[in-house]
Amino acid sequence: MSPTATDRAVALAGAFARWLPEQRWFAGKHRSIEAVTPVSAVPLGDVQPRLDHLVVEVRYATGEPERYQLLVGWRTALPEKLEHARIGTVGSHVGFAGLWDDELADLLLGALAGGEQHGGLVFRPEPGATITRGLPSRVVEVEQSNSSVVFDEESILKLFRRPTPGANPDVELNRALRRVGCPHVAPLLGEIGGELSGAAVSYGMLSAYAANSADGWAMATASVRDLFAEGDLKADEVGGDFAAEAHRLGAAVAAVHTDLVTALGSGQRDADGHAELSAAMIGRLADAVRTVPELARYAARLGAEFTAVADLTAPYPIQRIHGDLHLGQALRTPTGWLLIDFEGEPVKPLAERVRSDSPLRDVAGMLRSFDYAAEHLLVGEGADHQLEYRAQEWAARNRSAFTAGYTEAAGQDPGRHRTLLRAYELDKAVYEVVYEARHRPAWRWIPLRSIARMLGFEVPPPGDLPSA
Amino acid sequence: MSETTLRRPPEAGRTGPDDGRPDIDDGSYVTADGQVSHPVPDDFRSARSLPADPHWFKRAVFYEVLVRAFNDSSADGCGDLRGLTAKLDYLSWLGVDCLWLPPFYASPLRDGGYDISDFYQVLPEFGTVEDFVLLLDEAHQRGIRVITDLVMNHTSEAHPWFQESRRNPDGDYGDFYVWSDADERYPQARIIFVDTEESNWTFDPVRRQFYWHRFFSHQPDLNYDNPRVQEEMLSVLRFWLNLGIDGFRLDAVPYLFERDDTNCENLPETHAFLRSVRKVVEDEYPGRVLLAEANQWPTDVVEYFGDPDVGGDECHMAFHFPLMPRIFMAVRRESRFPISEIMAQTPAIPSGCQWGIFLRNHDELTLEMVSDEERDYMYGEYAKDPRMRANIGIRRRLAPLLDNDRDQLELFTAMLLSLPGSPILYYGDEIGMGDNIWLGDRDAVRTPMQWTPDRNAGFSQANPGRLYLPTIMDPIYGYQAINVESQLNSSSSLLHWTRRMIEIRKRHPAFALGDFHDLGGSNPSVLSYLREYRGHAEEGDESSPEIHDVVLCVNNLSRFPQPIELNLRQWEGWAPIELSGLVPFPPIGELPYLLTLPGHGFFWFQISPRDEVTS
Ligand SMILES: Nc1ncnc2c1ncn2[C@@H]1O[C@H](COP(=O)(O)OP(=O)(O)OP(=O)(O)O)[C@@H](O)[C@H]1O
Ligand SMILES: [Mg+2]
């Protein structure tokens, strides 16, 4: 076996280039890889099976290189059940995706529990956290930009696949919220941190696992399905009504916002700040119209809405926020709602994601999500006015229940800042149109319809008209 | 004031021929010197007893039956004890282990018999104490136990104790009730029947004082601070236990005592008295049970089990009230969280105790243990017609509540038989009987049992006009369509299905005795749980073999088919066997276990080590 972790990583470089594009979290699937080189390689323990912690740089034929965190396990023989995790062979050893191996996953837990240090890696348990070891583990198999391992029903370790210099907002905000005893987050148990090219970086976080939970998107869409199955009942008449849940969710989001202020303070956005925000929205709109021509007919009105933000003169409160809030980021547990994944909008640079912003951005994100939940079943179904009408009834009912819950808990109605809230919502919808056009073109009708509806245009049908 | 007033000592001609005592079926009477005299057990034969099994109630399937509604042997239009006795073979065939009879004592019947005017007499239209002993004897012969309600908190105002108490404040019964010159004491005690009562105090024009009552004003509360009241109640208990009864459902237990500056519920004095009742049962009648009716949160109800260090020293069982409305809510919302929530809030109970769980009973589906918002929701979903509502609840039977949907009926019953606790079936629900919301109060769900498609549903030979309540006759739920006889003849009927499920439940001690573990899962519409029992096949019997019984229950609360991935890593290498057909399913591997369920479908699996499946 090669003497150092770096040697082993270098020896696997070719295999990485084949293996990476098959991974869910790998962003460069459509780019051609030129080379994969280790930036950092740290062996975690020296008994068999081994685990190497790597950061590799992936260089492409064109464009910026990317860095990824990998955990490579080594065994002389790969058991049948780990065969799917194989990366490649070096000498008499097989390198494989180490997270799938119970024993190696537990090794990470042990390092966290013991507050160990390896090379540039620092495993830090949170003060007072209990970390239970020796549990069976499983890798979460959902569409995810990171990788998570669940340890039985106790804890969940999320490894950030794209380490970025600077404090990770997910860790930072969860830590702050745990400190003030916020009941709406999964308690943080520990962090894997370290240094990368001279800057502090976060590699992963361990949180308490919400064993009996389901996410808000699954709950909301079950409700919508129930509504669509009823002949002609209204959204408030069907058994699967979600409004009570939406109300509690609104209260939970407001409580998290309040706790974030308690923990990390708040500030104000002045006229300059509004001008900047307005300019950013207008800039994003201009880009979006170039990418999705269907936006053009709304562009003037959208522009007017965004320009109105620049006219706001009164200072508005800003604070740390979630930044990427939608129904999928909320987990319903038997004791209430939890919010997860405080990383902010993934496409934005870190510096932007950790900036204070208006909590209205989060509210707008959730409001958009209700529209999505209501309309996603219509996608590709052709026009059905009855269903479309009822979908909107569902969305309206749950948006207002969410807002009412938020208002009750926050003591203030987010809707009172109408200009700003609308702008955030429209800005989000514009972002969604672009995202959908790139990834799920049939779904772009959801945000397009919302934009038309909000601006008072005739609402287009939820799908492309059949070509003549 | 009811017309049932004090009876004088029976005339000479009606006294027993040799002992000079009054006819025993006349129950209690007031002697010339104002003493209330009660019969003693020796006046009667006792029923044969069943083997003393201290844990029988933990595994029993209960069946609530209203004597009035089950079977009329005397052609007077009203069911009776002998009629019920004649149907024991049916109940034994169904798999019932214990009957719960709501009160059958003498009563003016202004509160369904919960207003007792003589604890020592059977309501004449139901029969006699001897008929009751016969019922017990025949039931025990079939291995069926019988419990009944004991209303300890209050009596009817027609009870001789109350009549003496109001007449003679300084007499022996003067302190049997809670009297006061003013109606202001205990202001923190809530009024339970909010739609009929304005105060917990009512002025008595005879004694010219106010008396305390937590329920109706015709049900004065007994004064448990008086040791004689406690003794009298223990005598009542001993009387029936001597005859062979297997236990009591203690009605309205939280309210026995009153104290200033409290809400007069769950007081320490009440618990102390219950411990003394339990001690009598333990010392003198081992194997008989006390079942508490305390409509409270599970965290408060567990207090009624008593000290966990000794396995419980108050009641053996208690109803789990909040679970039932949440089962309904969960299925309508297609979300497991209403159930998961309440199960997560249900504390562990002492080792010698068990919950009693039910879907429906003779009362309305009570909504006291849900929030206002949830109550509105339940009304909206299950009681759209205001006639379906009563007090704080819904007066409907299971089948009409579920639109007579067979899949849902099965799903609900499967959950009743597999969630932690001893299930209590309500008479008629095993055949999917309907209700009659045009009948007043709670009578909607108390109509005659439907035995056959013949006249009066086979319930009575009386002229139909004389029935205590009309039979159900609508085309869907009427006795022509829904009756025991036709369901017995069809192996696919709800009745046969229910019987099979009870049978399966009994084959697996995990259902009754196992730990409960909610498995969660990413699909909110699916409720899955494991029940796991490790111990002796006969709990408490060290000589019976050691077993490890694991049952997996998966319930689709949605009307649509649903997939579910279960985390069963702990059972890797074990294999599920579906319990209704004993079909082996693929073994559990390292990956999440994938199942798909039809709309409102459910599975019960036994989980066995793989070698046991293949052999
Ligand atoms: N504390 C927790 N308890 C239970 N499940 C959790 C917990 N945290 C996260 N999950 C589940 O793990 C999955 C991934 O979580 P998360 O959203 O944090 O990952 P992510 O990689 O940041 O996702 P994305 O790519 O969408 O940003 C989600 O499906 C979520 O339901
Ligand atoms: Mg009769």
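Residues numbered from 1 in each chain as written. Chains lettered and ligands numbered in written order. Predicted model: local features only at pLDDT ≥ 70, side-chain atom pairs only at ≥ 80, totals over all residues. Heavy atoms only, no water.

**Q** Is there a simple way to explain the overall build of chain A in this structure?
**A** Looking only at helices and strands, chain A has 12 helices and 17 strands in total. By the compact-globule yardstick of 23 Å for 468 residues, chain A fits well, its C-alpha radius of gyration being 24 Å. With respect to the principal axes defined by its C-alpha atoms, chain A has extents near 70 × 55 × 50 Å. Counting all 468 residues of chain A, 55% fall into the buried class. Contacts spanning at least 24 positions in sequence make up 66% of the contacts within chain A whose residues lie at least 6 apart. Total accessible area on chain A is roughly 19200 Å²; 52% of this is exposed by carbon and sulfur atoms. (Helix = DSSP H or I, 4+ residues; strand = E, 2+ residues; numbered from the N terminus. Rg over C-alpha atoms; globule rule 2.2 N^0.38 Å. Buried < 20%, exposed > 50% of the residue type's maximum accessible area, 1.4 Å probe, protein only. Contact = heavy atoms within 4.5 Å. Areas by Shrake-Rupley, 256 points an atom, 1.4 Å probe, with all protein chains shown as cover.)

**Q** Mind showing me how you'd approach the overall build of chain B here?
**A** A count of helical and extended segments in chain B gives 18 helices and 26 strands. Taken against the 2.2 N^0.38 rule, which gives 25 Å for 615 residues, the C-alpha radius of gyration of chain B at 25 Å falls within 12% of a compact globule. With the C-alpha coordinates of chain B rotated into their principal frame, the extents come out at 80 × 55 × 55 Å. Looking at the 615 residues of chain B, the share that counts as buried comes to 64%. Summing over all exposed atoms, chain B offers an accessible surface of approximately 22400 Å²; the carbon and sulfur share of this is 48%. Each charge sign in chain B was given a centre, from 56 positive and 98 negative side chains, and these centres are 3 Å apart. (Lys, Arg positive; Asp, Glu negative; His and termini not counted. Charge placed at Lys NZ, Arg CZ, Asp CG, Glu CD.)

**Q** I keep staring at the site of ligand 1 and nothing clicks. Help me out?
**A** Residue and element names in this part refer to chain A. Residues in contact with ligand 1 amount to 16 residues; listed here are only the nearest, Gln144, Ser145, Lys158, Ala210 and Asp341. Asparagine 146 is positioned such that a nitrogen or oxygen atom in its backbone is 3.1 Å from an oxygen atom of ligand 1. Tallied by class, the residues present in the shell around ligand 1 amount to eight nonpolar, five polar and three charged. (Near = heavy atom within 4 Å. Polar contact = N/O pair within 3.5 Å; in protein donor to acceptor, adjacent residues only side chain to side chain. Nonpolar A, V, L, I, M, F, W, Y, C, P; charged D, E, K, R; others polar.)

**Q** Explain the packing of helix α6 (residues 271-291) of chain A against helix α11 (residues 418-439) of chain A here, please?
**A** Any two packed helices are characterised by how steeply their axes cross, that is the angle between the axes, and by the distance between the axes. Residues and elements named next belong to chain A. At a closest axis distance of 10 Å, the pairing of α6 and α11 adopts a crossing angle of 30 degrees. It follows from the interaxial angle that α6 and α11 lie roughly parallel. The interaxial crossing formed by α6 with α11 has left-handed handedness. Where α6 approaches α11, its residues Leu277, Met281, Arg284, Leu285, Ala288 and Thr291 are matched on the opposing element by Leu420, Ala423, Tyr424, Asp427, Val430, Val434 and Arg438. (Axes fitted to C-alpha atoms, helices over the stretch in contact; angles between N-to-C directions. Parallel < 35°, antiparallel > 145°, perpendicular 65-115°, else oblique. Left-handed = near helix turned anticlockwise from the far one by under 90°.)

**Q** Where do I start with the UniProt feature "domain: Maltokinase N-terminal cap" (unreviewed entry) in chain A in this structure?
**A** Feature annotation in UniProt places "domain: Maltokinase N-terminal cap" (unreviewed entry) on residues 19-92 of chain A, given in this structure's numbering. Within residues 19-92 of chain A, the helical portion is 1% and the strand portion 50%, while the C-alpha atoms at the span's ends are 19 Å from each other. (UniProt positions renumbered as here; feature names shortened; annotations may be inferred.)

**Q** Looking at this structure, how should I read the coordination of the magnesium ion (ligand 2)?
**A** Between any two of four tetrahedral donors, the ideal angle at the metal is 109.5 degrees; between two of six octahedral donors, it is 90 or 180 degrees. All names here are of chain B. Surrounding the magnesium ion (ligand 2) are the protein donor atoms Asp72 (OD), Ser74 (OG), Asp76 (OD), Cys78 (O) and Asp80 (OD), which sit 2.1 to 2.5 Å from the metal. Each donor residue of the magnesium ion (ligand 2) lies on one chain, and together they are spaced D-x1-S-x1-D-x1-C-x1-D. Taking the relative accessible area as the measure of exposure, aspartate 72 reaches 7% and is therefore buried. Serine 74 gets classed as partly exposed once you look at its relative accessible area, which sits at 41%. (Donors = N, O, S within 2.8 Å, 3.2 Å for Na, K, Ca; no water.)

**Q** Would you take a moment to explain the sheet that holds strand β9 (residues 147-151) of chain A for this structure?
**A** For sheets, the rule is that strands pair by backbone hydrogen bonds, running either parallel or antiparallel. Residues and elements named next belong to chain A. Pairing within the open sheet is antiparallel, and its seven strands lie in the order β6-β7-β11-β12-β10-β9-β8. Looking at the sheet topology across the chains shown, the edges are occupied by β6 (117-118) and β8 (137-139). In the packing of helix α2 (residues 102-113) onto the sheet, contacts are made with β7 (121-125), β8, β9, β10 (155-159), β11 (188-196) and β12 (199-208), and the angle to β7 comes to roughly 75 degrees. Sheet strands in contact with helix α3 (residues 169-179) are β10, β11 and β12, and its direction is about 145 degrees off that of β11. (Pairing = 2+ DSSP bridges.)

**Q** Sorry if this is basic, but what is going on with the side chain of B:Thr148 here?
**A** Mapped onto the elements of the fold, B:Thr148 is located in strand β7 (residues 145-151). Those residues within four positions of B:Thr148 in sequence are excluded, and the remaining contacts are B:Trp100, B:Leu101, B:Pro102, B:Pro103, B:Phe104, B:Tyr105, B:Ile245, B:Gly247, B:Phe248 and B:Arg249.

**Q** Looking at this model, I keep getting lost on helix α7 (residues 227-243) of chain B. Mind explaining?
**A** Every α-helical turn comprises 3.6 residues, leaving residues that sit three or four positions apart pointing alike. Residue and element names in this part refer to chain B. Taking 1.5 Å of rise per residue, the 17 residues of α7 would be expected to cover 24 Å, and the 25 Å separating its terminal C-alpha atoms lies within 8% of that figure. For α7, the set of buried residues is Val229, Glu232, Met233, Leu234, Val236, Leu237, Phe239, Trp240, Leu241 and Leu243. Two to three positions downstream of the cap, the backbone nitrogen of arginine 228 sits 2.9 Å from a side-chain oxygen, assigning the N-cap of α7 to asparagine 226. Looking at the residues trailing α7, positive phi occurs at glycine 244, about 120 degrees. (Expected span 1.5 Å × (residues − 1).)

**Q** How should I be thinking about the sheet that holds strand β11 (residues 247-251) of chain B in this particular structure?
**A** Residue and element names in this part refer to chain B. Pairing is parallel around the closed barrel formed by eight strands, whose spatial order is β3-β4-β7-β11-β12-β13-β14-β18. Pairs of neighbouring strands in the sheet enclose a mean axial angle of 25 degrees, with direction left out of account. Here strand β3 (residues 62-64) pairs with strand β4 (residues 98-101) via three bridges, running parallel. Of the residues in β4, the one forming a bridge with glutamate 64 is tryptophan 100.

**Q** What's the story with the interface of chain A and chain B in this structure? I'm lost.
**A** By a frequent convention, interface size equals the accessible area lost on bringing the separate parts together. On the side of chain B, 26 residues touch chain A, which itself brings 29 residues to the contact. The three residues of chain A that bury the most area against chain B are A:Asn212, A:Gly239 and A:Pro334, which together make up 21% of that side's buried surface. In this structure, the connection of chain A to chain B is made through three salt bridges. The partner of A:Asp226 in a salt bridge is B:Arg559, and the shortest N-O contact between them spans 2.4 Å. (Buried area = accessible area lost by both parts, 1.4 Å probe. Salt bridge = Lys/Arg side-chain N within 4 Å of Asp/Glu carboxyl O.)

**Q** Please clarify how the packing of aromatic side chains should be interpreted in this entry.
**A** By convention here, two paired aromatic rings are described through the distance between centres and the angle between planes. All names here are of chain B. Under the defined criterion, the tally for this structure stands at 60 aromatic pairs over all chains. Judged by centre distance (5.7 Å) and plane angle (85 degrees), the ring pair of phenylalanine 44 and phenylalanine 239 falls under edge-to-face. Taken together, the residues span a long stretch of sequence, with phenylalanine 44 in the loop between β2 (36-37) and α1 (56-59) and phenylalanine 239 in helix α7 at a distance of 195 residues. The two residues phenylalanine 44 and phenylalanine 239 agree in class, both being buried. Centroid distance phenylalanine 603 to phenylalanine 605: 5.2 Å. Interplanar angle 35 degrees. Geometry classified as tilted. Neither phenylalanine 603 nor phenylalanine 605 differs from the other in exposure class; each is buried. In textbook terms, an aromatic cluster arises when at least three aromatic residues are bridged by ring pairs, as seen for Phe44, Phe104, Tyr105, Phe119, Tyr120, Phe132, Trp161, Tyr173, Phe176, Phe239 and Trp240. The ring of tyrosine 173 is capped by arginine 228, whose NZ or CZ atom sits 5.2 Å from the centre of that ring. (Phe/Tyr/Trp six-rings, centres within 6.5 Å; stacked < 30°, edge-to-face > 60°. Lys NZ or Arg CZ within 6 Å of the ring centre and 35° of its normal.)

**Q** How should I be thinking about the pattern of salt bridges in this particular structure?
**A** Pairing is possible between side chains that carry opposite charge, provided their charged atoms lie close to one another. All names here are of chain B. Applying the stated criterion to the full structure yields 71 salt bridges over all chains. Across the pair arginine 214 and glutamate 265 runs a salt bridge, and its minimum N-O distance is 3.3 Å. Of this pair, arginine 214 sits in the loop between β10 (209-212) and α7 while glutamate 265 sits in the loop between β11 and α8 (268-284), placing them 51 residues apart in sequence. Classification of arginine 214 as buried rests on a relative accessible area of 0%.

**Q** Quick question: what am I supposed to make of the nonpolar core here?
**A** Across soluble globular proteins, you tend to see nonpolar side chains buried next to one another. In this structure, B:Tyr63, B:Tyr90, B:Leu99, B:Leu101, B:Trp240 and B:Tyr427 are the most contacted members of the largest nonpolar core, which totals 158 residues. Listed in part, the 70 residues of the second largest apolar core include A:Val224, A:Leu327, A:Phe342 and A:Tyr424. (Core = buried A, V, L, I, M, F, W, Y, C linked by side-chain atoms within 4.5 Å.)

**Q** How do you make sense of the packing of α6(A) against helix α7 (residues 296-310) of chain A when you look at a structure like this?
**A** All names here are of chain A. Packing of α6 against α7 brings their axes to within 8 Å, and their N-to-C directions diverge by 170 degrees. When the interaxial angle is binned, α6 and α7 end up roughly antiparallel. Seen from α6, the contacting residues are His274, Ala275, Leu277, Ser278, Met281, Ile282, Leu285 and Val289; seen from α7, they are Ala296, Ala299, Leu302, Gly303, Phe306, Thr307, Val309 and Ala310. Looking at side-chain class alone, the contact of α6 with α7 contains 12 nonpolar, four polar and no charged residues.

**Q** Sorry if this is basic, but what is going on with the pairing of strand β22 (residues 562-566) of chain B here?
**A** On a regular strand, each side chain points to the face opposite its neighbour's, so the side chains alternate between the two faces of the sheet. All names here are of chain B. Of the two faces of β22, only one is covered, namely that formed by Gln562, Ile564 and Leu566; the face formed by Pro563 and Glu565 stays uncovered. Judged from the five bridges that link them, β22 and strand β25 (residues 593-597) form a sheet pairing that is antiparallel. Bridge pairing in β25 places leucine 566 opposite tyrosine 593.

**Q** What's the story with the side chain of B:Gln562 in this structure? I'm lost.
**A** Here B:Gln562 lies in strand β22. Note on B:Gln562: relative accessible area 7%, which makes it buried. Polar contacts involving the side chain of B:Gln562 include one to the side chain of B:Ser558, which spans 3.1 Å. Once residues within four sequence positions are removed from consideration, B:Gln562 is found in contact with A:Arg225, B:Asn523, B:Ser525, B:Val526, B:Asn556, B:Leu595, B:Thr596 and B:Leu597.

**Q** Looking at this structure, I do not really get a negative patch on the surface. What am I missing?
**A** Residues and elements named next belong to chain B. A cluster of acidic residues, Asp53, Glu538, Asp541, Glu542 and Glu546, forms a negative patch on the protein surface. On the secondary structure map, aspartate 53 appears in the loop between β2 and α1. Overall, the relative accessible area of 31% leaves aspartate 53 in the partly exposed class. (Patch = residues over 30% accessible without salt bridge, like charges linked within 9 Å, V, L, I, M, F, W, Y side chains within 5 Å.)

**Q** How should I be thinking about the environment of B:Arg82 in this particular structure?
**A** All names here are of chain B. The residue arginine 82 is located in helix α3 (residues 81-86) in this model. Arginine 82 gets classed as partly exposed once you look at its relative accessible area, which sits at 45%. Once residues lying within four places of it in the same chain are set aside, the contact partners of arginine 82 are Ser73, Asp131 and Leu134. Polar contacts involving the side chain of arginine 82 include one to the side chain of aspartate 131, which spans 2.7 Å.

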